[in-house]
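Below, each chain spelled out in residue letters.
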Amino acid sequence: MKPIRFAQAITQALDEEMARDEQVILLGEDIGKPGGSFGITKGLLDKYGESRVYDTPISEEAIVGAALGASMMGARPVVEIMFNDFAALAMDQIVNQAAKIHYMSGGRLSAPLVIRMLCGTNGSTAGQHSQSLEAWFTHVPGLKVVAPSTPADAKAFLKAAIRDPDPVMFFEQRMLYNTKGEVPDEVEPARLAEGKVVREGSDLTIAAYMKGVHQALEAAEILERDGISAEVWDVRSLVPFDRDGLRASLERTGRLMTVHEAVVRSGFGAEIAAIAAEEMFDLLKAPVRRVGAHPTPHPYAPQLESTMLPSVERIVETARELVGATEKVA
Amino acid sequence: MKPIRFAQAITQALDEEMARDEQVILLGEDIGKPGGSFGITKGLLDKYGESRVYDTPISEEAIVGAALGASMMGARPVVEIMFNDFAALAMDQIVNQAAKIHYMSGGRLSAPLVIRMLCGTNGSTAGQHSQSLEAWFTHVPGLKVVAPSTPADAKAFLKAAIRDPDPVMFFEQRMLYNTKGEVPDEVEPARLAEGKVVREGSDLTIAAYMKGVHQALEAAEILERDGISAEVWDVRSLVPFDRDGLRASLERTGRLMTVHEAVVRSGFGAEIAAIAAEEMFDLLKAPVRRVGAHPTPHPYAPQLESTMLPSVERIVETARELVGATEKVA
Amino acid sequence: MTTAVDGRLDQETLVGLFERMLLIRRFEERASEYRLAGHIPGFLHPCIGQEAAAVGTCAALGPDDVILSTHRGHGHMLARGADPGRMYAELYARVEGYNRSKGGSLHMIDTDLGFLGANGIVGGGIPIAGGAALQQKRRGQGGVAVSFFGDGAANQGAFHEVLNLCSLWKLPAIFVCENNLYGEFTAQSEQSPVADVADRAAAYAMPGVIADGNDVLDVREKVAQAVARARAGEGPTLVECKTYRHRGHYEGDMCAYRPEGELEQWLERDPLVTFPARLVSEFGVPEEEIEAVRAQVEQRLDEAAEFAAAGTFADPAETFEHVYVDSIEGKALR
Amino acid sequence: MTTAVDGRLDQETLVGLFERMLLIRRFEERASEYRLAGHIPGFLHPCIGQEAAAVGTCAALGPDDVILSTHRGHGHMLARGADPGRMYAELYARVEGYNRSKGGSLHMIDTDLGFLGANGIVGGGIPIAGGAALQQKRRGQGGVAVSFFGDGAANQGAFHEVLNLCSLWKLPAIFVCENNLYGEFTAQSEQSPVADVADRAAAYAMPGVIADGNDVLDVREKVAQAVARARAGEGPTLVECKTYRHRGHYEGDMCAYRPEGELEQWLERDPLVTFPARLVSEFGVPEEEIEAVRAQVEQRLDEAAEFAAAGTFADPAETFEHVYVDSIEGKALR
Ligand SMILES: Cc1ncc(C[n+]2csc(CCOP(=O)(O)OP(=O)(O)O)c2C)c(N)n1
Ligand SMILES: Cc1ncc(C[n+]2csc(CCOP(=O)(O)OP(=O)(O)O)c2C)c(N)n1
Ligand SMILES: [Mg+2]
Ligand SMILES: [Mg+2]
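Notes on the structure in this doc start here. On a predicted model such as this, the values are computed, not experimentally measured, just so you know.

A few words now on the relation of the copies chain B and chain A. Rotating chain B by 180° and translating it 0.0 Å along the rotation axis places it on chain A, where the RMSD comes to 0.0 Å. A rotation of that kind, with that shift, is consistent with a two-fold axis. Of the interface residues in chain B, 100% have counterparts in chain A that sit at the interface too, so the contact is made through matching surfaces.

We now examine the interface of chain D and chain A. Counting residues at the interface gives 38 residues for chain D, matched by 34 residues for chain A. Summing both partners gives a buried area of about 2,800 Å² for chain D against chain A, and 61% of it is carried by carbon and sulfur. When the buried surface of chain D facing chain A is broken down by residue, D:Phe43, D:Ile121 and D:Thr319 rank first, second and third, together holding 18% of it. Linking chain D to chain A there are zero salt bridges. Here the side of chain D that touches chain A is built from residues that sort into 18 nonpolar, 14 polar and six charged.

Let's shift gears to the coordination of the magnesium ion (ligand 4). Residue and element names in this part refer to chain D. Protein coordination at the magnesium ion (ligand 4): the donors are Asp 151 (OD), Asn 180 (OD1) and Tyr 182 (O), at 2.0 to 2.1 Å from the metal. In primary-sequence terms, the residues that donate to the magnesium ion (ligand 4) follow D-x28-N-x1-Y. Taken together, the positions of Asp 151 in the loop between β2 (145-150) and α6 (157-168) and Tyr 182 in strand β4 (residues 182-183) put the pair 31 residues apart, joining distant regions of the chain. For Asp 151, a relative accessible area of 2% gives the class buried.

Below, the discussion takes up the environment of B:Arg76. Residue and element names in this part refer to chain B. Tracing the chain through its elements places Arg 76 in strand β4 (residues 76-81). Classification of Arg 76 by relative accessible area gives partly exposed; the value is 22%. Each C-alpha atom of the pair Arg 76 and Met 18 lies 9.5 Å from the other, and the pair is 58 residues apart in sequence. Dropping the residues within four chain positions of it, Arg 76 is found in contact with Asp 21, Gln 23, Val 24, Ile 25, Pro 112, Ile 162, Arg 163, Asp 164 and Pro 165. Looking at Arg 76, its side chain comes within polar contact range of the main-chain oxygen of Asp 164, at 2.9 Å.

On the side of chain A, 52 residues touch chain B, which itself brings 51 residues to the contact. Here chain B packs against chain A, burying approximately 4,500 Å² in sum over the two surfaces, 60% of which is carbon and sulfur. Taken as a group, B:Trp136, B:His139 and B:Arg265 account for 17% of the area that chain B buries against chain A, more than any other trio of residues on that side. Our count for the contact surface shared by chain B and chain A stands at six salt bridges. Note that A:Glu278 and B:Arg290 form a salt bridge whose closest N and O atoms lie 2.8 Å from each other. Put simply, chain B and chain A have 27 residue pairs in polar contact (both at pLDDT 80 or more) between them. Across the side of chain B that touches chain A, the residue classes tally to 29 nonpolar, twelve polar and ten charged.

Under the defined criterion, the tally for this structure stands at 44 aromatic pairs over all chains. Look at A:Phe281 and B:Phe281: their rings are 6.0 Å apart centre to centre, the planes differ by 55°, and that puts the pair in the tilted class. Taken together, the residues A:Phe281 in the loop between α10 (268-279) and β14 (289-293) and B:Phe281 in the loop between α10 (268-279) and β14 (289-293) connect one chain to another. You can call A:Phe281 buried: its relative accessible area is 15%. When the centroid spacing of 5.7 Å and the interplanar angle of 85° are considered together, the rings of B:Trp233 and B:Phe241 count as edge-to-face. The exposure classification of B:Trp233 matches that of B:Phe241, with both residues buried.

Below, the discussion takes up the pattern of salt bridges. Residues and elements named next belong to chain A. Within the structure shown, the criterion is met by 84 salt bridges over all chains. Where Arg 199 meets Glu 221, a salt bridge forms, and the shortest distance between an N and an O atom there is 3.1 Å. With Arg 199 in strand β9 (residues 196-199) and Glu 221 in helix α8 (residues 211-225), the pair connects residues that are 22 residues apart, well separated along the chain. What makes Arg 199 buried here is its relative accessible area of 17%. Connected through shared salt-bridge partners, Glu 16, Glu 17, Arg 20, Lys 155, Lys 159 and Arg 163 make up one network.

All names here are of chain A. Taken in spatial order, the seven strands of this open sheet run β3-β2-β4-β5-β7-β6-β12, and their pairing is mixed. Of all the strands in the sheet, the pair left with one neighbour each is β3 (53-56) and β12 (237-239). Adjacent strand axes in the sheet meet at a mean angle of 20°, parallel and antiparallel pairs treated alike. Strand direction decides the pairing type here: strand β5 (residues 114-119) and strand β7 (residues 168-173), joined by six bridges, are parallel. Along β7, the bridge assignment pairs Ile 115 with Met 169. The sheet contacts of helix α1 (residues 6-20) involve β2 (24-29), β3, β4 (76-81), β5 and β7, and relative to β2 the element is tilted by about 135°. Most of the contacts of helix α7 (residues 151-163) go to β7, to which it runs at about 160°, and overall it touches β2, β4, β5, β6 (144-146), β7 and β12.

Here we take up helix α5 (residues 125-139) of chain D. Residue and element names in this part refer to chain D. With 15 residues, α5 extends 21 Å from end C-alpha to end C-alpha; this agrees with the ideal 21 Å at 1.5 Å per step. Across the 15 residues of α5, twelve count as buried, placing the element largely inside the fold. Along α5, the residues classified as buried are Gly 125, Ile 126, Pro 127, Ile 128, Ala 129, Gly 130, Gly 131, Ala 132, Ala 133, Leu 134, Gln 135 and Gln 136. Of the residues trailing α5, Gly 140 is marked for its positive phi of about 70°.

Bringing the site of ligand 2 into the picture now. With respect to spatial proximity, 22 residues lie near ligand 2, and among them A:Glu60, D:His71, D:Arg72, D:Gly120 and D:Gly152 are the closest. The environment around ligand 2 is built from residues contributed by chains A and D. A distance of 2.7 Å is found between an oxygen atom of ligand 2 and a side-chain nitrogen or oxygen belonging to D:His71. Out of a free accessible area of 570 Å², ligand 2 has 97% covered by protein chains. For the shell around ligand 2, the per-class residue count stands at eight nonpolar, nine polar and five charged.

At a closest axis distance of 8 Å, the pairing of helix α3 (residues 60-72) of chain A and helix α6 (residues 157-168) of chain C adopts a crossing angle of 65°. Classified by the interaxial angle, the pair formed by α3(A) and α6(C) is roughly perpendicular. You can see that α3(A) and α6(C) cross each other, and the crossing is right-handed. Counted together, A:Glu60, A:Glu61 and A:Ala62 of α3(A) and C:Ala158, C:Glu161 and C:Val162 of α6(C) form the full contact between these two elements. Of the residues contributing to the contact of α3(A) with α6(C), the split by class is three nonpolar, no polar and three charged.

In this structure the side chain of B:Arg199 is engaged in a polar contact, spanning 3.0 Å, whose partner is the side chain of B:Glu221. If sequence neighbours within four positions are ignored, B:Arg199 has contacts with B:Leu217, B:Ala220, B:Glu221, B:Glu224, B:Ala230, B:Glu231 and B:Val232.

Cut-offs applied
- Residues numbered from 1 in each chain as written.
- Chains lettered and ligands numbered in written order.
- Predicted model: local features only at pLDDT ≥ 70, side-chain atom pairs only at ≥ 80, totals over all residues.
- Heavy atoms only, no water.
- Least-squares fit on C-alpha atoms with pLDDT ≥ 70 in both.
- Contact = heavy atoms within 4.5 Å.
- Buried area = accessible area lost by both parts, 1.4 Å probe.
- Salt bridge = Lys/Arg side-chain N within 4 Å of Asp/Glu carboxyl O.
- Nonpolar A, V, L, I, M, F, W, Y, C, P; charged D, E, K, R; others polar.
- Donors = N, O, S within 2.8 Å, 3.2 Å for Na, K, Ca; no water.
- Helix = DSSP H or I, 4+ residues; strand = E, 2+ residues; numbered from the N terminus.
- Buried < 20%, exposed > 50% of the residue type's maximum accessible area, 1.4 Å probe, protein only.
- Polar contact = N/O pair within 3.5 Å; in protein donor to acceptor, adjacent residues only side chain to side chain.
- Phe/Tyr/Trp six-rings, centres within 6.5 Å; stacked < 30°, edge-to-face > 60°.
- Pairing = 2+ DSSP bridges.
- Axes fitted to C-alpha atoms, helices over the stretch in contact; angles between N-to-C directions.
- Expected span 1.5 Å × (residues − 1).
- Near = heavy atom within 4 Å.
- Areas by Shrake-Rupley, 256 points an atom, 1.4 Å probe, with all protein chains shown as cover.
- Parallel < 35°, antiparallel > 145°, perpendicular 65-115°, else oblique.
- Left-handed = near helix turned anticlockwise from the far one by under 90°.

In structure tokens:
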């Protein structure tokens, strides 16, 4: 057990799964010798050779298609899409093809592939390299969607995603790549279905994922000083979504806030809020609150970008309002 | 004032706007002589000529790009995407380009284009010709999203969309094409921001759009016999969304159900439910309920498809539960 | 009965090609009747007229090869040896269908035949074929992947990306373009300035070959060369089959867009007329054998239709199966 | 001073071409310093080495023509006559920037110059250029639309779709491929089996021309011919400029992927070395004039950088402006 970077955890998961199963292959732009734009696949071409690591042309649709076709025939491809914004170029293969093939074939074919996508801003990366588009994929039956927040989860979930028989969209938030965390020497693949309480609390539940978890934890520290006890629940798996986990937390707290970097409107926070309002209404003592990016494209200027994006301060403020508001009501 | 078909209302809006403004041009597959796959543009090529109606190759990305580039330079293009499923092939141009150009340019450019898209099943049209993907676009700041339910609204909203300075995603549900409704002889463009109460009620609000409105109205008739008074609120404009209209309705009813044909998970009903749970929590007497397609791809077999899709029966049942549930609580 | 004819094909094989083409023709003609009679919901895109391209191509393939098809895919699947009964059953929306009534005409799939799917997205199968070719190469057993697509699909971005990628990696892929002169209701000449799709192969440093798409032997020959090249590790080939669909784009299309006389000209080259004539005159197949094939095909299709009609409808609970391979608790994930 | 030199270009024009290229070179070199000094956040993709392609192309254009650019777009914009002060201001994230600090390097736009945008999506500008060309044709005033893109972008589906469409409709588009031998860290030869992107033009029945992308006069000449063709209504041309980027893909890239000696060879053909030498030796421009240009460029860029540094930061409230043209109540729609 030693602390490693989030990015390293991804590399380790790929490496270990490639060692375990020769059907695990990688496809993506610049992922060969150069090791990808973010160095994730560094060394893997040398280690596993050209029939395992495919450095592709800049052709997102063909890349996903190549993974899909290979997966139907027994490969376990892992695609790297450099930024999730570029998934816009491969939506047909992801949504109309990969997501549906098992169903449309009446169970005769399946597409065990993973699409790794970087998401979120890297600081002034502006309109086309900063989005967080995970909500789109959660709307598509047939896809699973994973969004880890720690190196240990990144590793365990990626291993699980690779072994999973269905297409899994695997989100990696850029801003987490350099964060460190303990990762056990032997990591078992996670079950792709469970959220996790990462901090216990009694006044409100903050359901967050990826960087949002870290922001929520920071906020929880600050709130504690105010006497507000925030539980932080790491969603981790968006599809399947851990309803029982959410319910258990709301049973303790009765208040819900969602946090993600994606735009709030029609973001996955809406789905979480709707689930709560629909299935856990009796547990809610206060309005649900959503914290996320305001609905604008990503501006280039740092101070505009930080206005747009969710922050620890906004989480803290919202939590205060939320807890305060209930007191008014009660 | 005479009843016309929904499809005709679309044609009339196009025709009238083309007559009014020679910068209004049409682009799409088979839309020239053949008048499009559904006959919407029949006669418009003959009437307005080849510099107004562009019958394109099967190249969705290039089509949207062509509209976008032309729109930046003064044209008012209206694109027909035959089925919204095929928008998956043009997501880059829609989402990364058209939606963001006004913002990224700091207000120096704009993209006044309309993308008309057929959505919903046409009966056993299966996995790739039946989806309702409007929620994706509501998640993208910079796009407006419209979803009319009647011929009159279709005409007024399409005219407004064409005159609108921003990119507008205009959804046309296939199953509505042959429905009839009164359309005034002179239709003024609608304001793209307002929902509408189409049936008043006091026990619950059904927020629905497109075919969902018709199903909700039918359900409301049935519920009335049970002594349940349902208000049907036609969302019409998803972005911008009419918060005030929703609030006003919930003030009357205190209960909310959403209805759309799209898959429930991360559908636009989630956003509506979240808005209610967030901003109108004090008005809610009961859990919010969402009715929509179950989260599966669209099956081919009719009885499977009708199991997947929302129905009047499901709306009625859900309403009964909803009103019953509250009575239990109260 | 199995005398070698042209040095490669014996009479039995030749008659077999005719039988397959006729099976497709009659399957489609009947499907259209069954649809009119209300047995088949959804879309139907008949491939009547294009049988030689389907059969010629599949005749050049081996059992380990795989196929990706299109919205006009019944012919490809039958040419590959599919059971018309299970196909009708799928169209009739019965669980006995190839895909338990979940796919229908646009999404028919049979893994046993290496038939990896029709496709409702124009050009949508091409990238998948690229991936299948990649895996064929990785397997190293000489298998190829065939991608059928239309002239209209050749203007989709996917075509470009995949041909580039497959040529770059020398994948064993065969791109078979069925150029039937139309995409929906619009002539190919109004969709591209290039009449011969095969001319696009040069842009990917791959051979581009034109076959007479109404001549099953020519198609077979050209595709066989492409397959040999692919199996030898030399990479993909683009084979364009010039052909024509006799019917509308889909059942119900009245073909108002066709210039007068065009159909008539093509009917003269109808493979279901010309090929049996050649079998008799050129290859010495007795007329009676042709007639026997006709009778067999009708009988087979009678049985197929009966099989379909006798099939059962899926239980509505099946709606929630097959969303995921390991559906949690057997239900669709919410 | 304005003596005609090669029958078309007078000395002043030639010196002007040099001035533009130098402005680009020094703009980029300084930008990299300013970034290191912490003034510029986000990405920078310098076009150092490729100045001749940008300047040669823009020298062939008129005021009504429009341009779509790439992630490596500073050179195109400066070549078109943009104000380096407003460009630096954009990079410095000041409201005086071309796009009020909302776009930055990847999304710089100036409508006055007909510069319709850099683009963060590889190939993303190509479809927009097609649309701009469509509107140029509709306007009927002889304007053209130029689409710059890289060798890597030529493998995107958009390239294919748009070239087909523009050729089909004979739109006045010029597709200028800057083939700098790499896409990011991967050689062009590992991304396509076709070395000359120009060879792809035939697939769209359009001329494909290769220019020496390090020779501003050759580029200008070839693009001018394409422009003339487009203005005459004869349709688009693909012009491939063979060139090289001296720096990494982005600031920070150490270029480990380059074969030894490659950069050195290209440095010998550096347009900022060869062209001024030619001006003196071949076109009789006095050395002093060259030196004067150098001094002017430095002064202009000094002023530009000062302008940027003195600029103001946008009020955070601006975050919510420009989402829609008619923002409801001036705020972003929720
Ligand atoms: C991406 C996409 N765009 C449009 C359509 C609608 N469509 C179905 S078939 C067809 C024509 C296809 O033409 P071609 O590729 O030549 O095949 P053919 O029908 O002639 O066999 C079109 C436009 C579709 N299914 N998918
Ligand atoms: C759709 C998309 N895929 C990938 C990237 C990441 N990326 C940025 S530049 C680049 C290389 C582009 O190569 P080329 O077109 O040759 O242009 P160059 O950088 O050489 O000027 C890549 C892959 C992107 N921005 N957009
Ligand atoms: Mg065709
Ligand atoms: Mg390049």
